[in-house]
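Read off the chains here:
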Amino acid sequence: MERIVCADRTLISLPDGVSADIVVIGAGPAGVAAACAGLDAGLSVVLVDGGGPGIEAVPDRGLVEVRSRDPEQWRVLVGTDFHALRGDGAATPKLRAPTNRHVFAGYADAYGLREDDFLALGSLSGGGLSNAWGAGVACYDADDLAGFPVALAELEPSFRTVAARIGISGCVEPDDAMAAFFGTAVDVQPAPDLNENARRLLARYGRRPPPGLRLGRSRNAILTRDHAGRQGCNRCGWCLWGCGRKSIYSARYDLERLHGRAGFRYIGDAFIERVLPRSEDDGMCRAVGRVRSTGSALVVRGARILVAGGAIGTGRIVHDSLGRRGRPIPLLTTPAVGFALWMPERFGAAAEPQPFGLAQLSFRLTDPERADGYVFGNIFGTDALPASELVRHVPLSRPAAIRLIRGLMPSLLVANLFMPSDHGAHRLEIRADGGIDVVGRYDEDGFPAKLARVRKGLARAFRRCGAVMLPGSYKPTIPGADVHYGGTVPMRSAPQVGEAWPDGRVEGLPGVHVVDAAAFPRLPAKPHTFTMMANADRITRLVARSLANGDASRPASPAPIL
Amino acid sequence: MALSSASGNEPENGHLLVTGAAGYIGRVLVARALAAGWRVTALSRTAPGGAAGRRCRFIPYDLARPIDAAALDGAGKVDAVVHLAADTRIDEQGPGLSEEDEVAAARALLAVASAGGARFIFVSSQSAGAGAETRYSRVKRRIEEVVTGAGGYVVRPGMVYGGPQAAGLFGILCGLVARSPVIPALRPAPQVQPIHVADLCDGMLTLAGVSAPPPGRYDIADPDPVPFDRFLAAIARHRVRRSPLLVPVPYALLVAAARIAARVPFLPTLDLGRVEALRRLPAMDTRPSMVALGLIPRPLADGMRPSGRSRRRLAAEGAALFRYLGAAAPGKGLVRRYVRAIESVDDGVPLGLPAPMLAMPALLRPIDAFPGATGWLRLRLNMAATLLEATPAGDALFVARRPRGILPTAIDIGLTLVADGLALVLSPLAKWVWAKRAGPDGTHRVR
């Protein structure tokens, strides 16, 4: 047994620890990227995670067939526990999809989360939030990396490594207006076919692109060809509920593949509360927590600890380990808006026979006030959504809303849009009891004006492409509903305590690195998940190099995996 | 949102001792405690019968003989005591216990509980708050003082009713209403605050359980009083299924009649004691207690049924909502799912739609079309819409699987918008009708 004095000076007894070269906390996309990179570099890796179940199975038959014929469809679509009826006000349909019920479960309780005007989602599942993500993939470019102490060239090898591992589809042809935006340095599979509305919108855009708007094929982590034991998309339409063919990437699939690799060990059912920096005695760092099912103490030792608990979880682990309870910690999000586009030329048509739930088209709109500023968004078909998800937003009587949506839906597209994190003043604070308060606040001056400006700009641009932004449909979501969190332990070239060095090392916690979006000093409007995975890969390579260079802290022989 | 907080208790809840276990409330308490995982020891003059009675340990107990610790030898450690046993006579007439005997019995029980470290819950009466009109309320108040002084719990229930077997005061009222051709409606009307016996028992089990609020007095009843004659009418309509005539009787007339009856030989004497006690019942602000215990009283119309719950009314509501949304003939399975959904996701309480709306669901439209009007209805309609869409018929209603052409689609949307416009014109009237749904059957909601 080891006895360890924690940051708050309590003395705890721990069972003999498991140890490895690197301990990765969190099996989401960043943690799995770090684990893969560590194993590739020949390090032994212990991955510690909540280990909760992922998404549930969806039917083999296609969504349209099930919906139009199967009297028992409610078991999947509503859930035998009526999950879809809970959370009437939930910001995203994903929270109502019964098959996702385990992905978000238990997170708020585990962290003692209290939200004030903020939606803080997280996951204790193996695979983390990638179990239910939108799968948008983009490489940050040099402009996006403004404020990062990291050069694009340092990330590029990692972009290629991660892309090859997870499998991406989209379009890299230069005639696609978004290809350069998403990055052309990575291999992509052909994009899935567009549905009719998206095809027409893109064709009209191609004939006469409105100024300031770039519109092109989306880049998603969805396979159109088989890859790494996963199947290509067959347009079954179940995307929102979970892909039965594993076409849409989830870190869970890589986690499953990691189990066979030498030097890898997985500890599920764990909740890490704090990390202890490298000890003078044995040169090891420690991750300290408990086993979720039994409550017993857990300690895992590593020459390095890589924290990938998600920006909120990582923020809590790092700042609590530094004894920084009660201090406000900035939290970044990309403010999100939803809206609907109506294509009059398609009015009266039938619903798409082969629905697709991920983004089909993506756009970038230059902010007229700032030439280097932009907003980013995705356009989706409505065919893979339950109509009642749209009906609930229509301010008419329910029968009228149903008829209106039935009439409009085949000619409707829905879109989201994200803005850079500059407009938020959200903060996270660890309470004296160890729980987390998250407070969401948008910048009161610039933000409403920008929202209005962007709405006008988008409405004008899309009108020129033959699509009408439905009046009243442009709705900002509450802070955090984008589920793009970051910035709680930002990388700086000269970090203060609680910030990180360019290699993710936390100032004040020797041996501890942050590898998820907590390390991002800013979030551009562009989806950050893929760059986050690449950054985890980059940091882990640096860690491996430092360990291999005879770093004094490394044990003489590789630490055994117990 | 569960109606019953007892369902929140873990199985293996501990050991509960219940006095008066064979009485009206006692029988229900024992059954619900056993269902919630308590081990129960019943203390009463006669053993509680039925299936529940067989599953608990019985120790003969009489208020006339104060308990001593030896009586509980072998019963094991007790976690909580609910003291229900009482002499229910309202005055000193007839054979029975003296006031002192009853207080002494409570003291003895409290001493046994304290010695064993058990929580003590005394079931008092709404009348204990009054200025001691009767022997009954005087005894209750004296015991309350003793229990409160010892750091125990005091429960003041309102008008207890319902349950599979009508007994106690509720049983007497049921008997009267079942036989009487008229129901006297006293004017001014005395007010009662009903509480279903199962809701009351769930509240007491919460007090006995691990997540109990702090000791003190808990008033358990519907926060909104109901005129006594409306309560009797609900018994008539929903419990004994009769429709006797409601006859307004001025109280002054009753008093005069009593005086006359007392003077005229051979006429039965009219004892106004109980009526008087009823009239003087102090109103209780039960909201803080109900919130602390997580109790939502069920509507009278439901609670009056022996099952205590009206799935039939929820089913009728579900069928009406589905028809309103556009389902020509909602299937049985779909309606059953609605009932189960409302019971498991919502509070299981019917909205109390007026009969015309159940028969002609289109009448809901003026309320539904009114922007921002009735959140409760909208919530249920959204649930019904989600359930309906997840059926083949619902899919056809919600999604245009075949092309329909511009003109038919435009006409369809145009007509439905016109209908909403008309509905908006009618909405003030509909809202008035809606407000009236807190009607004579007592289907009102507390929130």
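That block above? That's the structure.
Criteria and cut-off values
- Residues numbered from 1 in each chain as written.
- Chains lettered and ligands numbered in written order.
- Predicted model: local features only at pLDDT ≥ 70, side-chain atom pairs only at ≥ 80, totals over all residues.
- Heavy atoms only, no water.
- Disulfide = S-S within 2.5 Å.
- Buried < 20%, exposed > 50% of the residue type's maximum accessible area, 1.4 Å probe, protein only.
- Pairing = 2+ DSSP bridges.
- Helix = DSSP H or I, 4+ residues; strand = E, 2+ residues; numbered from the N terminus.
- Axes fitted to C-alpha atoms, helices over the stretch in contact; angles between N-to-C directions.
- Contact = heavy atoms within 4.5 Å.
- Expected span 1.5 Å × (residues − 1).
- Buried area = accessible area lost by both parts, 1.4 Å probe.
- Salt bridge = Lys/Arg side-chain N within 4 Å of Asp/Glu carboxyl O.
- Polar contact = N/O pair within 3.5 Å; in protein donor to acceptor, adjacent residues only side chain to side chain.

A. Quick look at the state of the cysteines. Per the counting criterion, the structure on display carries zero disulfides over all chains. This cysteine, Cys243 of chain A, is not joined by any disulfide, and Cys236 of chain A carries the nearest cysteine sulfur, 5.9 Å off. Overall, the relative accessible area of 14% leaves Cys243 of chain A in the buried class. Left unpaired, Cys201 of chain B is separated from the closest cysteine sulfur, that of Cys56 of chain B, by 13 Å.

B. Seen up close, the sheet that holds strand 2 (residues 38–44) of chain B. Residue and element names in this part refer to chain B. Spatial strand order, 3-2-1-4-5-6-11: seven strands in an open sheet with parallel pairing. Strands with a single pairing partner mark the edges of an open sheet, and in this sheet they are strand 3 (57–60) and strand 11 (217–220). This sheet shows a mean twist of 20° between the axes of neighbouring strands, independent of strand direction. Where strand 5 (residues 119–123) and strand 6 (residues 153–157) come together, three bridges link them in parallel fashion. If you follow Ile121 over to strand 6, its bridge partner there is Tyr153. Sheet strands touched by helix 1 (residues 24–35): strand 1 (14–19), strand 2 and strand 4 (80–83). Its angle to strand 2, the strand with the most contacts, is close to 160°.

C. Looking closely at helix 4 (residues 135–149) of chain B. All names here are of chain B. Under the 1.5 Å per step criterion, the end-to-end length of helix 4 is 21 Å for 15 residues, consistent within 8% with the ideal 21 Å. Along helix 4, the positions that sit buried rather than exposed are Arg135, Tyr136, Ser137, Val139, Lys140, Ile143, Glu144, Val146 and Val147. Check the buried side of helix 4 and you find it contacts helix 3 (99–115), strand 5, strand 6 and strand 11.

D. Seen up close, the interface of chain A and chain B. Counting from both sides, the interface comprises 40 residues of chain A and, opposite them, 41 residues of chain B. Taken together, both faces of the contact between chain A and chain B bury some 3,700 Å²; the carbon and sulfur share is 62%. Contact with chain B buries area across many residues of chain A, yet Leu85, Arg398 and Arg406 of chain A alone supply 19% of it, more than any other trio. Put simply, chain A and chain B have four salt bridges between them. Arg406 of chain A is the salt-bridge partner of Asp412 of chain B, the closest N and O atoms lying 3.1 Å from each other. In this assembly, chain A and chain B are joined by 14 residue pairs in polar contact (both at pLDDT 80 or more). Looking at the side of chain A that touches chain B, the elements with two or more residues in it are helix 2 (63–69), helix 3 (74–79), helix 10 (387–391) and helix 11 (398–408) of chain A.

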